[in-house]
Amino acid sequence: MTPTRFGSTGHVVVVGAGLAGLSAALHLAGRGREVTVVERDVVPGGRVGRLDTAGYRVDTGPTVLTMPDIIDDAFAAVGERGADRLELIALEPAYRACFADGSGIDVHTDAARMAAAIEEFAGPKQAAGYLGLRDWLTRLYRTEFDGFIAANFDSPLSLLTPQLARLAAVGGFRRWDRMVKRFITDERLQRVFTFQSLYAGVAPSHALAVYAVIAYMDTVSGVFFPRGGMRALPDALAAAAADAGVAFRYGSAVTALERSGARITAVRTDQGARISCDAVVLTTELPQTYGLLGRKPRRMLPLRPAPSAVVVHVGCRSVNPGNAHHTILFGDAWEQTFTDIIRDGNLMADPSLLVTRPSASDTSLAPTGRDLLYILAPAPNLSHGTIDWSRVGDSYVDDVVDTGQSRMLLGLREDAEVLHVVTPAGWARQGMAAGTPFALAHTFTQTGPFRPANTVRGVANAVLARSSTVPGVGVPTALLSGRLAADRITGTVDYTAKRVGIPLR
């Protein structure tokens, strides 16, 4: 372990039982700390939300799960195997991509299968380009994971390492779309390997290529689904933490932090409890975090939230079993989508949607003879746009369902039950800044050491974790954020040995 400046850290309080908080708790417990997790909800999960209604078991948060080795790291921290706690189903195909011209392609993570599919779809030249792109994505991931994604930064000077030169040499600081175009010229296929920039909140033409590792996670490493739904992941992590001695206090919101000089000495909850601590991990939203700490770091540029989304959960008669678990419905005006949402703060003129069908992989999530659908439509956040969701929300939900029906799910309207809807206004009511579940956009000034740090100057023993700090947005990165918080408190554990031997192709 590397040394830490936190001083005595025998008892750590983790505020929040989302993925970042659960990961931090597991890593801290595995390193011998006494850990108490305080969670305002009555179940773990945070943004990995849940809703049981009309016989459906709905995941109200993220639905795309990648990088199971990072999940395994969290379990391994307390001497457990993820496979003993959680059944992960490898999705094949990872996605189906459907285009406005009526064409479509299954996205496979196996190199040979994907190359064959691309050759049939767009010809041998594109298939050869895909293999080159796959090699580049893998090199990019291997180059940046330990020194950039899974690393704490004390200042921008922390970037000045030989690894930075290697990352620059592989093209990490060029534009994402330009790097993909070096290998693939078919515009439809380019979308398959760049649409992930929506997760980062930046158009592919403006996103740094370092974020193309998201495409690596999806199209090379693979996409998975936990049996029982996404809620099974936080449930399994929490159970492992409890068995390792972590104490949980559910139904308790932290209302204040007690301080002595520069140190946090206790947390107070809305249940009247006072919990003393030697260190605290805060996984709350940034505004709430800075409010609890009484400090807000100064920045030269204001923080820019990521775009948001409208999510419609639909129950329906069982659809064609040939429909994939995840389907991306690309509109014709793909580049205009980013202009509409990010630049102009408008709804998409030509919608592109992600349709997830979790009951394709686990039939227990819907009543017999029924399917459960999750339809996500990217949308502006509340800080950039003037949309009155109380006025347009219902009609836009109708538009989203109609688009899904016309492009993929014929007859959906005949039997559809809208089970649950979340708009940007709904995300805001859940406490998410700017009404977005995707936290802060991954612009250059919000990347790596320029992203809000997971420590706050003037507070000696508090550390931050979740999507708004390093490394960023997503399920695997939330788990990494918890590990990085634990590293701040205990010192760094060397995980490099687990990352060697990643094959090319």
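Residues numbered from 1 in each chain as written. Predicted model: local features only at pLDDT ≥ 70, side-chain atom pairs only at ≥ 80, totals over all residues. Heavy atoms only, no water.

A.B. asks: Where do I start with the side chain of Ser197 in this structure?
C.D. replies: Note that Ser197 resides in helix α9 (residues 197–200). Excluding its chain neighbours within four sequence positions, the residues that come into contact with Ser197 are Trp176, Val202, Ala203, Pro204, Ala207 and Phe338. (Helix = DSSP H or I, 4+ residues; strand = E, 2+ residues; numbered from the N terminus. Contact = heavy atoms within 4.5 Å.)

A.B. asks: It is not clear to me how the side chain of Ser103 should be interpreted in this structure. Could you clarify?
C.D. replies: Here Ser103 is to be found in the loop between β7 (95–98) and β8 (104–107). In terms of polar contacts, Ser103 uses its side chain to reach the side chain of Arg188, at 3.2 Å. With residues up to four places along the chain from it excluded, the contact list for Ser103 reads Ala97, Cys98, Phe121 and Arg188. (Polar contact = N/O pair within 3.5 Å; in protein donor to acceptor, adjacent residues only side chain to side chain.)

A.B. asks: Please clarify how the nonpolar core should be interpreted in this entry.
C.D. replies: Looking at soluble globular proteins, one finds that nonpolar side chains tend to be buried together. Counting residues in each nonpolar core, the largest one holds 122 residues, and the members touching the most others are Ile105, Trp136, Phe193, Leu237 and Val281. The residues contacting Phe193, other than those within four sequence positions of it, are Met114, Tyr130, Leu133, Leu137, Trp176, Val180, Ile184, Ala215 and Thr219. Counting 24 residues, the second-largest nonpolar core is a separate cluster that includes Val310, Cys316, Val319 and Leu409. (Core = buried A, V, L, I, M, F, W, Y, C linked by side-chain atoms within 4.5 Å. Buried < 20%, exposed > 50% of the residue type's maximum accessible area, 1.4 Å probe, protein only.)

A.B. asks: Sorry if this is basic, but what is going on with the confidence of the model for the chain here?
C.D. replies: It should be kept in mind that the predicted coordinates are not to be read in detail where pLDDT is low. With 97% of its residues at a pLDDT of 70 or more, the chain has an overall mean of 94. Confidence drops under pLDDT 50 across residues 496–505; counting only partners more than four residues distant or on other chains, this segment forms 23 contacts. (pLDDT = per-residue confidence, 0-100.)

A.B. asks: Whenever I open this one, empty space enclosed by the protein confuses me. Can you help?
C.D. replies: The gaps left among the atoms become clear once a water-sized probe is rolled over them. Counting across every chain of the model gives two cavities of 30 Å³ or more. There is about 70 Å³ of room inside the largest cavity. Forming the walls of the largest cavity are Val58, Asp59, Thr63, Phe225, His313, His325, Thr356, Pro358, Leu372, Leu373 and Tyr374. Those elements giving two or more residues to the lining of the largest cavity turn out to be β4 (56–59) and β18 (370–379). Broken down by element, the residue count for the lining of the largest cavity peaks at three residues, all from β18. Per-class residue counts for the lining of the largest cavity are six nonpolar, four polar and one charged. In terms of lining, the second largest cavity is formed by Ser23, His27, Ile70, Asp73, Ala74, Leu479, Leu480 and Arg483. Only α1 (19–30), α2 (68–76) and α17 (475–490) provide two or more residues apiece to the lining of the second largest cavity. (1 Å grid on protein atoms, 1.4 Å probe; cavity = no way out; pocket = protein on both sides within 12 Å on 5 of 7 lines; lining within 4 Å. Points joined across faces, edges and corners; volume = space filled by probe spheres on them. Nonpolar A, V, L, I, M, F, W, Y, C, P; charged D, E, K, R; others polar.)

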